[in-house]
Amino acid sequence: MKPVWFTTTLQHLHKFDMDEFFGSGIGWLVISSMFLGREKYKEFFGVDSYEQTLKNILMLIKENEKRKKKIHLNFSIKTTGEPDETVVNHPDFKLVDGLMGGKVLQGFKNTGFFVDDWHGAVKLPKYLHKRPLYPRFFRPCRILCERMIVYSNGKVGLCNCRDFEANSDLIIGDISKDSLKDLWNSPKHAHLINDWRRKNITPAICRTCRHYVY
């Protein structure tokens, strides 16, 4: 069984039992956060959850240590326009970075300023820039070849990174009617990839996607 992995803010971790959480099969987490205090967190994430989120992060790190680092933790520190010195010298940043053995600081140094606007769903601040649109002629996105997504309504698709409404050409079936194995091996899945690779027929939702990977 392959481990589960995902990106999360950990805003609601305190609602879960830690034994169940660590026993769920999660093997890798990216924690999307910032450590600049309550107001900056609220301004960026749109919720007043800074104190609770910080408690959750500290709890997870300590619980993970108890379990010999069962879950691989990484941090994605969100840029908010402040100088790097302001970010890395905040007491909360230092606290978390210390518990993580310097990994948070190292990750922050590698953070770029190219981001995504989710097809215009997010209005970006001026100090951030959209990722470039990389050429994708006859080159299917790797995501379509590596994973499937089961939505809350039972639909099965190939990319929730963009298709968050589950209504694009990347929907290949419904879990209530077919098994994941059958859907993965289905003609529709094969046609989507082969049409892109051999005929350069790119699904409409993929044509302007800035998260394209090859």
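For the structure, check the block above.
These lines cover the structure that appears in this document, whether it is placed above or below. Source: prediction; values computed, not measured. (Residues numbered from 1 in each chain as written. Predicted model: local features only at pLDDT ≥ 70, side-chain atom pairs only at ≥ 80, totals over all residues. Heavy atoms only, no water.)

Once that is clear, we can look at the overall build of the protein chain. Each helix and strand in the protein chain was counted, giving nine helices and eight strands. Counting only C-alpha atoms and orienting by the principal axes, one finds that the protein chain spans roughly 55 × 40 × 25 Å. Counting all 214 residues of the protein chain, 39% fall into the buried class. Look at the contacts in the protein chain between residues 6 or more apart in sequence, and 58% of them connect residues 24 or more apart. Split by element, the accessible area of the protein chain, about 13,000 Å² in all, is 54% carbon and sulfur. (Helix = DSSP H or I, 4+ residues; strand = E, 2+ residues; numbered from the N terminus. Buried < 20%, exposed > 50% of the residue type's maximum accessible area, 1.4 Å probe, protein only. Contact = heavy atoms within 4.5 Å. Areas by Shrake-Rupley, 256 points an atom, 1.4 Å probe, with all protein chains shown as cover.)

As a further point, take the side chain of Arg 162. Within the secondary structure, Arg 162 sits in the loop between β7 (155-157) and β8 (171-174). Judged by its relative accessible area of 4%, Arg 162 falls in the buried class. The contacts of Arg 162, once residues within four sequence positions are left out, are Asp 116, Trp 118, His 119, Ile 205, Cys 209, Arg 210 and His 211.

For the rest of this paragraph, the subject is unusual backbone geometry. In this model, Leu 10 sits at a positive phi of 65°, which is unusual for a non-glycine residue. Structurally, the position occupied by Leu 10 is in the loop between β1 (4-8) and α1 (18-22). The backbone of Phe 138 shows a phi angle near 60°, a positive value even though the residue is not glycine. Take Phe 138: its relative accessible area is 43%, and that puts it in the partly exposed class.

Once that is clear, we can look at the sheet that holds β7. Taken together, three strands build an open sheet; the order of strands is β6-β7-β8 and the sheet is antiparallel. The sheet is open, and its two edges are formed by β6 (149-150) and β8, each paired on a single side. Of the pairings in the sheet, the one linking β7 to β8 comprises three bridges and is antiparallel in character. Within the sheet, the bridge partner assigned to Val 156 lies in β8 and is Gly 173. (Pairing = 2+ DSSP bridges.)

Judged by nonpolar contacts, the single largest core of 28 residues is most densely connected at Phe 21, Phe 35, Leu 60, Phe 75 and Val 96. Within the residue set of this core, elements represented by two or more residues are α1, β2 (26-33), α3 (50-66), β3 (72-77), α5 (91-99) and α6 (103-109). The element contributing the most residues to this core is α3, with six residues. Residues contacting Val 96, with those up to four places away along its chain left out, are Phe 35, Leu 54, Ile 57, Leu 58, Ile 61, Phe 75 and Val 104. Membership of the second largest hydrophobic core comes to 15 residues, among which are Ile 143, Leu 144, Val 156 and Leu 192. (Core = buried A, V, L, I, M, F, W, Y, C linked by side-chain atoms within 4.5 Å.)

Taken together, the side chains of Trp 118, Val 122 and Phe 164 make up a nonpolar region of the molecular surface, amounting to roughly 270 Å² of accessible area. Relative to the assigned elements, Val 122 resides in the loop between β4 (114-115) and β5 (129-130). Residue Val 122 is classed as partly exposed on the basis of its relative accessible area of 39%. (Patch = residues over 30% accessible without salt bridge, like charges linked within 9 Å, V, L, I, M, F, W, Y side chains within 5 Å. Salt bridge = Lys/Arg side-chain N within 4 Å of Asp/Glu carboxyl O.)

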